[in-house]
Amino acid sequence: DVKVTQSSRYLVKRTGEKVFLECVQDMDHENMFWYRQDPGLGLRLIYFSYDVKMKEKGDIPEGYSVSREKKERFSLILESASTNQTSMYLCASSPGQGDEQYFGPGTRLTVT
Amino acid sequence: GENVEQHPSTLSVQEGDSAVIKCTYSDSASNYFPWYKQELGKGPQLIIDIRSNVGEKKDQRIAVTLNKTAKHFSLHITETQPEDSAVYFCAANEGTYKYIFGTGTRLKVLA
């Protein structure tokens, strides 16, 4: 079975802190994605990567950056956390173009 | 870009009844339409998908229909069971890699 793991299930950070969210997939998938999930807004794409060291902005990239140094790992970085970044963050991976996305369990981030 | 609208936002049905969730999309170039189920405390999981060259697809108690002309697709769950209670998301592809998700439907199956 495909497994996508995220480094933390719950995280509490203070405003202004630098935050790292880590995601690892074990199925050699080419593509990886970061979404945030908010009530009434569904899943919104922050960034995605279709290859190592490659990244593309999604629909809401402001305030975030990403890093993909190895194929299996995709990191989301909040350079200076703000309260409006309190949310559920979901990582996903997919084998190729137009394929099913496999999601991790999510990280619920609270910024106070 | 692609826009996906999903209705209803909440749906309550009696156990054994059917449930229908509807989505519309805006980009006629979209050709892949997955449905995801998210249970409490878990990430979304694909339950069924359909591509634009097919009008209907079934998998046991779930089915998806696609009307390309009207740009809408629907999820049908028959003989609902308590374990069907979850949040369901529709999505449509935008370009090669991106999916645009609907806002979700919280389904409650009442025993």
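Residues numbered from 1 in each chain as written. Chains lettered and ligands numbered in written order. Predicted model: local features only at pLDDT ≥ 70, side-chain atom pairs only at ≥ 80, totals over all residues. Heavy atoms only, no water.

Student: Let's hear about the overall build of chain A: which residues, and what values?
Tutor: A tally of helices and strands in chain A yields zero helices and eleven strands. Taken from N to C terminus, the helices and strands of chain A fall in the order β-β-β-β-β-β-β-β-β-β-β. A compact globule built from 112 residues would reach a C-alpha radius of gyration of about 13 Å, and chain A, at 13 Å, matches this within 12%. Its C-alpha atoms put chain A at 35 × 25 × 25 Å along the principal axes. Across the 112 residues of chain A, 48% fall into the buried class. Considering only residue pairs separated by 6 or more positions, chain A has 55% of its internal contacts joining residues 24 or more positions apart. (Helix = DSSP H or I, 4+ residues; strand = E, 2+ residues; numbered from the N terminus. Rg over C-alpha atoms; globule rule 2.2 N^0.38 Å. Buried < 20%, exposed > 50% of the residue type's maximum accessible area, 1.4 Å probe, protein only. Contact = heavy atoms within 4.5 Å.)

Student: Give me the pattern of salt bridges: which residues, what numbers.
Tutor: Residues and elements named next belong to chain A. By the definition in use, this model includes 13 salt bridges over all chains. Notably, a salt bridge pairs Glu 30 with Lys 71, separated by 2.9 Å at the nearest N-O pair. Pair noted here: Glu 30 is in the loop between β3 (19–25) and β4 (31–38) and Lys 71 is in the loop between β7 (64–70) and β8 (73–78), with a separation of 41 residues, a long-range link. Given a relative accessible area of 30%, Glu 30 falls into the partly exposed group. Lys 71 gets classed as partly exposed once you look at its relative accessible area, which sits at 23%. Between Arg 44 and Asp 38 there is a salt bridge whose closest N-O contact spans 2.8 Å. (Salt bridge = Lys/Arg side-chain N within 4 Å of Asp/Glu carboxyl O.)

Student: Lay out the sheet that holds β3 of chain A in plain terms, naming residues and giving numbers.
Tutor: Residue and element names in this part refer to chain A. The four strands lie next to each other as β1-β3-β8-β7, forming an open sheet whose pairing is antiparallel. Unpaired on one side and paired on the other, β1 (4–6) and β7 mark the two borders of the sheet. Strand after strand, the sheet turns through a mean of 20° between neighbouring axes, direction not considered. (Pairing = 2+ DSSP bridges. Axes fitted to C-alpha atoms, helices over the stretch in contact; angles between N-to-C directions.)

Student: Go over the interface of chain A and chain B, please, and point to the residues and values.
Tutor: Opposite the 22 residues of chain A that make contact, chain B presents 18 residues. Surface buried jointly by chain A and chain B totals about 1,700 Å² across both partners, of which 55% is contributed by carbon and sulfur atoms. For the pair chain A and chain B, the number of links is one salt bridge. Residues Lys 98 of chain B and Asp 59 of chain A are paired through a salt bridge, measuring 2.9 Å at the closest nitrogen-oxygen approach. Applying the counting rule to chain A against chain B returns five residue pairs in polar contact (both at pLDDT 80 or more). For the side of chain A that touches chain B, the secondary structure elements donating two or more residues are β4 and β5 (42–49) of chain A. (Buried area = accessible area lost by both parts, 1.4 Å probe. Polar contact = N/O pair within 3.5 Å; in protein donor to acceptor, adjacent residues only side chain to side chain.)

Student: How would you sum up the sheet that holds strand β6 (residues 56–59) of chain B? Please name residues and give values.
Tutor: All names here are of chain B. Strand order across the open sheet formed by five strands is β1-β3-β8-β7-β6, with antiparallel pairing between neighbours. Each edge of the sheet is formed by a strand with only one pairing partner; in this case those strands are β1 (4–7) and β6. Mean inter-strand twist for the sheet, computed between neighbouring axes without regard to direction, equals 15°. In terms of strand pairing, β6 meets strand β7 (residues 62–67) through four bridges, oriented antiparallel. Its bridge partner being in β7, Lys 58 is matched across the sheet by Ala 63.

Student: Can you tell me about the state of the cysteines, naming the residues and giving the values?
Tutor: Across all of its chains, the model carries two disulfides over all chains by this definition. Two residues, Cys 23 of chain A and Cys 91 of chain A, share a disulfide whose sulfurs are 1.9 Å apart. Taking the sign of the S-S torsion, -75° for the link of Cys 23 of chain A and Cys 91 of chain A, the bridge is left-handed. Placement of the pair is Cys 23 of chain A in strand β3 and Cys 91 of chain A in strand β9 (residues 87–94), with a sequence separation of 68 residues. A residue is classified by how much of its surface remains accessible, and Cys 23 of chain A, at 0% relative accessible area, is buried. What pairs with Cys 23 of chain B in a disulfide is Cys 90 of chain B, and their sulfur atoms sit 1.9 Å apart. Across the disulfide from Cys 23 of chain B to Cys 90 of chain B, rotation about the S-S bond amounts to roughly -100°, and the bridge is consequently left-handed. With Cys 23 of chain B in strand β3 (residues 19–25) and Cys 90 of chain B in strand β9 (residues 86–94), this pair connects stretches of sequence that are 67 residues apart. (Disulfide = S-S within 2.5 Å.)

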